[in-house]
Amino acid sequence: YNAIRSVLEYYKSRNLQQAASLCEEILTKNPDHITILYLLGVVYQQLQSYAAALKNPEAETAGRQNQTSNSRCYSRSFLQ
């Protein structure tokens, strides 16, 4: 939870490179962290780093679609 909060603080302060770096660090330890995967995608979109966003296409699998959908709603509330 603290890691998510830190990513969101970087994001809100427009320190997008730091947000991306922290997300990537978290994902090295927990590659299936749905909220961090989503937040990293949002950060990459803001950075217009579309190729980086696609480097892990297996992150969105059929078994995770419901979790991802729920995470999007959860994350959007933080990003506003």
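Please read these numbers as outputs of a predicted model, since none were measured by experiment.

Chemist: Just checking my understanding: could you explain the overall build of the chain for this structure?
Modeler: The secondary structure content of the chain amounts to five helices and zero strands. Mapped from its N terminus to its C terminus, the chain presents α and β elements in the order α-α-α-α-α. Buried positions account for 32% of the 80 residues belonging to the chain. Within the chain, residue pairs in contact and separated by at least 24 positions form 55% of the contacts whose partners lie at least 6 positions apart. Surface exposure of the chain reaches about 5300 Å², of which carbon and sulfur atoms provide 47%.

Chemist: In this structure, what is going on with the packing of helix α1 (residues 2-12) against helix α3 (residues 34-47)? I would like to understand it.
Modeler: When two helices pack together, their arrangement is given by the angle between their axes and by how far apart the axes lie. It is at 11 Å that the axes of α1 and α3 come closest, and there the two elements cross at 10 degrees. In terms of their interaxial angle, α1 and α3 are classed as roughly parallel. Crossing of α1 against α3: the hand is left-handed. Residue-level inspection shows Ile4, Val7, Leu8 and Tyr11 of α1 in contact with α3, the latter providing Thr35, Ile36, Leu39, Val42, Val43 and Gln46. When its residues are assigned to classes, the contact of α1 with α3 shows eight nonpolar, two polar and no charged.

Chemist: Honestly, the environment of tyrosine 38 in this entry has me stumped. Any pointers?
Modeler: Within the element layout of this structure, tyrosine 38 appears in helix α3. We classify tyrosine 38 as buried; its relative accessible area is 17%. In this structure, the C-alpha to C-alpha distance between tyrosine 38 and cysteine 23, residues 15 residues apart in sequence, is 9.6 Å.

Chemist: I'm lost on the environment of glutamate 9 in this one. Help?
Modeler: Topologically, glutamate 9 is positioned in helix α1. On the basis of relative accessible area, glutamate 9 is assigned to the partly exposed category, the value being 49%. As a C-alpha pair, glutamate 9 and alanine 19 span ten residues in sequence and 8.2 Å in three-dimensional space.

Parameters at a glance
Residues numbered from 1 in each chain as written. Predicted model: local features only at pLDDT ≥ 70, side-chain atom pairs only at ≥ 80, totals over all residues. Heavy atoms only, no water. Helix = DSSP H or I, 4+ residues; strand = E, 2+ residues; numbered from the N terminus. Buried < 20%, exposed > 50% of the residue type's maximum accessible area, 1.4 Å probe, protein only. Contact = heavy atoms within 4.5 Å. Areas by Shrake-Rupley, 256 points an atom, 1.4 Å probe, with all protein chains shown as cover. Axes fitted to C-alpha atoms, helices over the stretch in contact; angles between N-to-C directions. Parallel < 35°, antiparallel > 145°, perpendicular 65-115°, else oblique. Left-handed = near helix turned anticlockwise from the far one by under 90°. Nonpolar A, V, L, I, M, F, W, Y, C, P; charged D, E, K, R; others polar.

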